[in-house]
Structures are given as structure tokens and as C-alpha cells.
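Okay, here's what each chain looks like letter by letter:
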Amino acid sequence: MMVVALEARDYFTDRGILQDPYAFFEAVRAHGPVYQPPGRDYLIVTGFEETLEVLANAQDFSAVNALQGAAAPLPFVPQGSDISAQLEAHRPDFPGGTMLVGLDDMPHTMLRGLVNRLFTPSRLKANERFTSDYSDHLVRRAVAQGRTELIRDIATPFVTLVIADLLGVPAEDRQRFMDVIDAAPPPGSLDAADNDYAGEGHPLIVMGSYFAAYVEDRRRHPREDILTELALAKYADGTTPSVAEIVNLATFLFGAGQDTSAKLLGNAMRHIVDQPGLQDQLRADPALIPALIEEVLRIEGSSKQTARVARRDTRIGDRLVPAGTCILLALAAANRDPARWDAPAELQLDRPRIREHVAFGRGKHVCAGAPLARVEVRIILEKFLEHSSAIELDPARHGPPGARDLHFEPSFIIRGLADLHLIMTPSTTALADRGEAGAFPVAGQTPQAQAEPQDEMLSTTHTKIGVLLADPQTRSLLDRYFPGVADDQRIAMARGMTLRAIQPFAPSQFTDAALDALDAELAALAA
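It should be emphasised that the depicted structure is a prediction, and the values quoted were computed from it without experimental measurement. (Residues numbered from 1 in each chain as written. Predicted model: local features only at pLDDT ≥ 70, side-chain atom pairs only at ≥ 80, totals over all residues. Heavy atoms only, no water.)

Focus: the sheet that holds strand 9 (residues 388-393)
Next, step 1: Strand order in the open sheet formed by 3 strands is 4-10-9, and the pairing between neighbours is antiparallel. Either end of the sheet is taken by a strand with one partner, and the two such strands are strand 4 (147-149) and strand 9. Averaged over all neighbouring strand pairs, the angle between strand axes comes to 25 degrees, with direction disregarded.
Next, step 2: Bridge count between strand 4 and strand 10 (residues 421-426): 3 bridges; the pairing is antiparallel. By the bridge assignment, Glu 149 is partnered in strand 10 with His 421.
Next, step 3: Packed onto the sheet, helix 7 (residues 150-167) meets strand 4 and strand 10 and runs at close to 75 degrees relative to strand 4.
Next, step 4: Its contacts with the sheet put helix 15 (residues 370-387) on strand 9 and strand 10, and the angle it makes with strand 9 is roughly 110 degrees. (Pairing = 2+ DSSP bridges. Helix = DSSP H or I, 4+ residues; strand = E, 2+ residues; numbered from the N terminus. Axes fitted to C-alpha atoms, helices over the stretch in contact; angles between N-to-C directions. Contact = heavy atoms within 4.5 Å.)

Regarding the sheet that holds strand 8 (residues 326-329)
Next, step 1: Taken together, 5 strands build an open sheet; the order of strands is 1-2-8-5-3 and the sheet is mixed. Looking at strand neighbours, the two that pair on one side only are strand 1 (34-35) and strand 3 (61-62), the edges of this open sheet.
Next, step 2: By the bridge criterion, 2 bridges tie strand 3 to strand 5 (residues 306-310) in an arrangement that is antiparallel. Its bridge partner lying in strand 5, Ser 62 is registered against Val 309.

Looking at the nonpolar core
Next, step 1: In terms of nonpolar packing, the biggest core is built from 118 residues, with Phe 119, Phe 211, Phe 254, Leu 292, Leu 381 and Phe 384 touching the most fellow members.
Next, step 2: Contacts of Phe 119, omitting those with residues within four sequence positions, involve Leu 124, Ile 163, Leu 166, Leu 253, Ala 368 and Leu 372.
Next, step 3: Ranked by size, the runner-up nonpolar core spans 18 residues in total, among them Leu 43, Phe 48, Trp 341 and Ile 354. (Core = buried A, V, L, I, M, F, W, Y, C linked by side-chain atoms within 4.5 Å. Buried < 20%, exposed > 50% of the residue type's maximum accessible area, 1.4 Å probe, protein only.)

Details of the packing of helix 19 (residues 472-481) against helix 22 (residues 512-526)
Next, step 1: Packing of helix 19 against helix 22 brings their axes to within 11 Å, and their N-to-C directions diverge by 160 degrees. Looking at the two axes, helix 19 sits roughly antiparallel to helix 22. When you trace helix 19 past helix 22, the crossing you get is right-handed. Contacts between helix 19 and helix 22 involve Gln 473, Thr 474, Leu 477, Leu 478, Arg 480 and Tyr 481 on the former and, on the latter, Ala 514, Ala 517, Leu 518, Glu 521, Leu 522 and Leu 525.
Next, step 2: When the residues that make up the contact of helix 19 with helix 22 are grouped by side-chain class, the tally is 8 nonpolar, 2 polar and 2 charged. (Parallel < 35°, antiparallel > 145°, perpendicular 65-115°, else oblique. Left-handed = near helix turned anticlockwise from the far one by under 90°. Nonpolar A, V, L, I, M, F, W, Y, C, P; charged D, E, K, R; others polar.)

Topic: the side chain of Asn 127
Next, step 1: For Asn 127, the position within the fold is in helix 6 (residues 121-145).
Next, step 2: For Asn 127, a relative accessible area of 5% puts it in the buried group.
Next, step 3: Once residues within four sequence positions are removed from consideration, Asn 127 is found in contact with Val 162, Asp 165, Leu 166 and Leu 372.

Observations concerning helix 22
Next, step 1: Between its terminal C-alpha atoms helix 22 stretches 21 Å, which fits the 21 Å expected from 15 residues at 1.5 Å a residue.
Next, step 2: Taken as a whole, helix 22 has its buried residues at Ala 514, Leu 515, Leu 518, Asp 519 and Leu 522. Angular distribution of buried residues about the axis of helix 22 spans 140 degrees; they occupy a single face of the element. When the buried face of helix 22 is taken as reference, the exposed residues oriented beyond 90 degrees from it are Ala 513, Ala 520 and Ala 524.
Next, step 3: Structurally, helix 22 contributes buried residues whose contacts are with helix 18 (465-470), helix 19 and helix 21 (499-502). (Expected span 1.5 Å × (residues − 1). Arc of directions from axis to C-beta.)

Here's the deal with the pattern of salt bridges
Next, step 1: By the definition in use, this model includes 36 salt bridges.
Next, step 2: Residue Arg 9 pairs with Asp 14 through a salt bridge whose shortest N-O separation is 2.8 Å.
Next, step 3: Relative accessible area serves as the criterion here: at 28%, Arg 9 is assigned to the partly exposed category.
Next, step 4: What emerges from the salt-bridge pattern is a single network uniting Asp 217, Arg 218, Arg 223 and Asp 225. (Salt bridge = Lys/Arg side-chain N within 4 Å of Asp/Glu carboxyl O.)

Here we look at helix 19
Next, step 1: Those residues of helix 19 lying buried are Thr 474, Leu 477 and Leu 478. Seen from one end, helix 19 has its buried residues packed into an arc of 100 degrees, which puts them on one side. Exposed side chains of helix 19 directed beyond 90 degrees from the buried face belong to Pro 472, Gln 473 and Arg 480.

Describing the packing of aromatic side chains
Next, step 1: Inspection of every chain in the model, using the stated rule, returns 13 aromatic pairs.
Next, step 2: Centre to centre, the rings of Tyr 11 and Phe 24 are 5.8 Å apart; their planes meet at 25 degrees, and the pair counts as stacked. With Tyr 11 in the segment before helix 1 (15-19) and Phe 24 in helix 2 (residues 21-29), this pair connects stretches of sequence that are 13 residues apart.
Next, step 3: Residue Phe 24 is classed as buried on the basis of its relative accessible area, which comes to 1%.
Next, step 4: Ring centres of Phe 12 and Phe 412 lie 4.9 Å apart, and the angle between their planes is 70 degrees; this geometry places the pair in the edge-to-face category. Residue Phe 12 is found in the segment before helix 1, and its partner Phe 412 is found in the loop between helix 16 (395-398) and strand 10; the two are separated by 400 residues along the sequence. Of the two residues examined, Phe 12 and Phe 412, each falls in the buried class.
Next, step 5: Ring pairing ties together the aromatic residues Tyr 11, Phe 12, Phe 24, Phe 25, Tyr 42 and Phe 412, which thus form one cluster. (Phe/Tyr/Trp six-rings, centres within 6.5 Å; stacked < 30°, edge-to-face > 60°.)

Things to note about the side chain of His 421
Next, step 1: You can see His 421 is positioned in strand 10.
Next, step 2: Discounting residues that sit within four places of it in the chain, His 421 has contacts with Thr 148, Glu 149, Glu 392, Leu 393, Asp 394, Arg 397 and His 398.

Considering the confidence of the model for the chain
Interpretation of the predicted coordinates at a detailed level should be avoided for regions scoring low in pLDDT.
Next, step 1: Residue-level pLDDT values for the chain average 87, and 90% of them are 70 or greater.
Next, step 2: With pLDDT under 50 throughout, residues 435-455 is counted as low confidence; its partners more than four residues away or in other chains account for 29 contacts. (pLDDT = per-residue confidence, 0-100.)

So, the environment of Ser 132
Next, step 1: When you line up the elements, Ser 132 lands in helix 6.
Next, step 2: In the structure, Ser 132 is positioned 250 residues away from Glu 382 in sequence and 9.5 Å away in space, judged by C-alpha atoms.
Next, step 3: In this structure Ser 132 touches Ile 379 and Lys 383, once residues within four positions along its chain are discounted.

Listed below in C-alpha cells is the structure:
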């Protein structure tokens with residue numbers, strides 16, 4: 001049986017690499033900071049300086065393939081030394097290519113300008129009360145029980161409700177969002193069939209239908225929340241974003257804001273528990289927690305990699321890179337580059353210039369939610385250390401120290417634990433407070449299943465798009481009057497609205513004449 005060299009294995013499908021991506025990246029690094037694996041048509045960048053070079057060069061490298069990854073083929077055959085026009089012509093063909101994470105040039109600058117107004121220090125400070133109260137509730141309840149599964153029972157609901165509270169997602173919808181996220185495969189799933197960002201069941205599509213209704217509601221009835229600011233926002237040039245652009249942005253912020261933060265909490269706890277003496281050191285001096293978070297971001301950040309594609313003939317370091325070449329930027333490897341970091345595999349709280357890590361990216365696409373992630377993870381770690389005197393991994397679930405059995409999300413993008421079972425000993429304060437961790441009303445209750453109100457007659461004014469799409473007859477009518485609309489991702493994200501409600505945003509497509517004719521056929525169906 002032929003043994004395949006580690007660096008020659010397929011990063012995007014190999015589950016052995018999933019367990020230990022760092023060994024894979026070190027094998028790649030042995031061939032230099034920029035390497036083309038045998039038989040592959042993409043480059044892997046592991047060097048810290050080379051990663052910075054690409055992230056900073058938005059002129060020569062496009063982020064359009066950031067979600068689909070470097071291994072996925074381009075949806076066209078590159079022609080010439082500059083494929084910028086081809087990339088733009090095929091942007092809708094890239095999964096996530098029209099989302100903030102995949103945009104380039106002015107569209108990215110304009111949309112990012114809206115985001116930069118949202119995660120301000122004053123707004124994060126105002127959100128800290130909810131974050132602190134809710135994390136205290138979750139942690140005190142878990143410590144009182146003596147054990148918890150961190151990812152499902154605490155991390156996911158915690159970060160989901162923090163971003164929901166910040167954005168202004170109604171309490172009655174928050175459980176639905178958590179259920180959808182929990183049931184879905186991770187971003188960058190090792191099973192390529194799961195990476196259909198336009199599928200009806202994908203969290204971004206499901207949540208997008210809700211956000212479309214929120215945006216429409218906020219434009220009619222403004223409130224004091226971020227969704228209202230987004231709904232009423234204007235670009236720097238004074239133009240008004242389309243509803244689709246705002247819905248895409250809000251949905252992406254919600255999805256990205258909860259996933260990476262939940263994984264960061266799990267990764268941080270794993271290191272806190274398994275490094276001898278670390279949790280006692282942090283309890284004695286909680287001011288060290290921010291340094292701990294930065295070092296965990298470096299040594300085991302939530303994002304292992306991102307992707308770029310060369311728009312024109314260019315270079316990375318001294319290597320020529322032809323237009324159309326896809327690049328796997330190994331953030332996890334750059335953060336362990338021995339040319340940049342001393343003892344890179346060791347967790348050190350006093351590491352100099354630690355914030356120079358690239359766990360949140362760098363350049364134009366640096367993570368907008370990084371300040372929120374730092375705040376929410378810091379606060380909940382403070383609560384864990386305050387309310388416990390000892391935390392350990394459950395050996396029955398994860399094995400003994402030094403021989404841990406850990407399971408990671410099957411993703412080539414995310415580095416995150418699928419589960420982390422903790423056993424906790426309450427602190428003296430927690431014992432005194434036992435019994436006070438009751439219901440937390442701000443979180444919202446699990447919504448009861450509600451039947452869609454039945455109109456006496458289906459219509460484009462009163463019947464939601466989702467209802468029309470759910471019935472084969474009315475779906476067929478929709479596609480006859482508005483060809484392609486049944487499979488249009490933008491329409492899928494507006495399922496909670498009516499056709500008349502979205503008409504102002506696409507008046508040339510949804511004309512009065514066509515809507516009136518459709519109403520007549522809908523009325524005939526009900527007759």
C-alpha cells in the first residue's frame with residue numbers, strides 16, 4: 001500500500017487533516033512559504049509575511065472565492081493576463097460572491113462603510129449589559145448543575161442571542177434562528193454537497209427571509225436598533241442600498257457573528273482546561289483574559305483559512321502567480337510561522353505584539369465583528385472563572401489529559417469543536433447564589449408553531465411569497481408571470497414578504513399589469 005505524503009493529501013476532504021491541520025500545514029511549510037501541492041491547481045500560502053502581502057493586495061487578488069475555497073474550479077476559463085472583467089461577469093456564479101466577504105473594489109468599500117458605523121465602542125458598551133446578564137444566567141445555571149456541553153448548551157445560544165440583541169432581531173424569532181443554525185452543516189463543509197449557499201434550507205436563505213421582512217418593517221416603522229440603521233442607511237455617495245443588499249449584509253453579519261465567536265469560546269475553554277495551572281492563574285488575575293483570547297486566536301483561531309484568486313498576473317514574494325490562480329491563505333499556518341513567532345506551538349500569555357496575528361484577517365476584509373467577538377468571549381470567560389473553582393473536561397467523553405478524544409466541525413474553513421463536555425466545581429460565591437439562576441426572559445421563548453393565516457383569497461397584496469412558492473400550482477403561476485423567480489435567491493430571501501411589498505424595489509420586473517393579471521389567476525384558483 002502506497003503511503004501518501006502528508007503535504008500531498010487533500011486538505012479539503014481529508015478528515016485526518018481535519019483533526020490536526022497544523023501538522024499538514026507544517027508539512028507544506030517545509031517546501032517554502034508558497035507551495036503548489038502535487039496534482040493541485042491552487043497555491044497554499046503558509047508564511048506570515050506572504051499572507052499579509054496577499055491580504056493587503058486587494059488590487060491584484062479578489063476575495064470572490066472566499067467562501068467556496070481555493071480547490072473549487074472557477075466558473076469560466078481564465079483568458080489573458082487580467083481576468084478582472086471575467087470575474088465580475090461571473091460573480092453571481094461564485095457561492096457567496098455577492099456577500100460582503102466576497103465583494104471587491106467599490107461595492108465592498110460602500111457596503112463595508114455601512115458596517116463600520118455599526119460596531120462602534122459606544123454601541124458595544126451599551127450591549128455589554130445584555131451580554132453580561134445573559135452570560136451570568138447561562139454560566140450560573142450550568143455550574144449549579146455541575147456539568148454542561150459547552151458548544152450546544154452555552155456557546156451557540158450565547159453568541160446567537162448577543163448578536164440578535166445587538167441587531168434587534170425580535171425575541172420570538174431567536175429560537176428559530178438557533179434551530180436552523182444548529183441543524184445546518186458548517187460553512188466550508190468537507191462534504192461539497194452541503195456547500196449550496198442558495199439552497200432553500202441553508203441558514204442564510206432561511207434567515208434572509210426573516211431579515212427581508214425586518215428591513216421592510218424598519219423602513220416603515222423605525223426603531224432604535226441596528227436593523228433600522230441598516231434599513232435607512234445610505235451609501236457614502238448618497239445613494240440608497242437595495243433591499244437585497246441590506247438583507248444580504250444583515251444576514252451575513254448575523255451568521256458570521258455567531259459562528260466564529262462560538263468556536264472561539266470552545267477553543268479558548270479547551271486550552272484553559274488542558275494547560276496546567278492556567279485557569280487558576282486567570283482566576284487570580286482576570287485582567288489576563290484578553291491576552292489569553294489573543295493567544296488562543298493565534299494558536300487556534302476559529303478560521304483556519306480563507307481564499308483569494310489572482311485577478312491579474314502578479315507575485316507572492318518572489319513567486320510568479322498567473323491570473324486565474326486560486327490561493328489558499330492558511331491563516332492557521334501564518335499564525336504559527338516560526339519566522340514570525342518564537343515557540344509558535346506554545347500558548348504564552350505574555351507573547352510580544354500578539355495582536356499582530358491574522359486570525360481575523362487583515363486589510364480591507366479584516367473581520368468587522370472582531371471587537372464584538374473579543375468582548376463577548378471575554379465576558380463569558382470571566383463568568384466561568386468567577387462562578388467555578390475548577391473546570392475539567394469530562395474524561396468519560398474526551399479521555400484523560402494527554403490523550404484527549406476531541407471532535408471538530410467537518411469544515412475546511414472553521415476550526416471549532418463539535419462538542420466539549422465540562423465538569424465544574426462551583427466557587428464559594430456560586431454555592432451561595434445557588435437557586436437564583438432561573439428563567440432569563442430577555443432571551444425570548446421558543447415560538448409555538450403558528451399556522452400561516454389563511455386569506456379568503458390568495459393575492460399578491462396579502463399572501464406571502466413563501467406561501468405562493470410552497471404550492472405547486474401557485475409556484476407555477478409565479479414562474480409563468482415572472483420567469484425564473486421561483487429559483488431566484490433574492491426572492492428566496494424575501495419569503496416573508498408579499499409581491500406587492502417588494503414591487504417598489506424591482507418595479508420593472510413586478511409591473512402593476514403583471515401583478516394584476518396574477519391576482520386574477522389566483523382568484524380563479526380559489527373559486
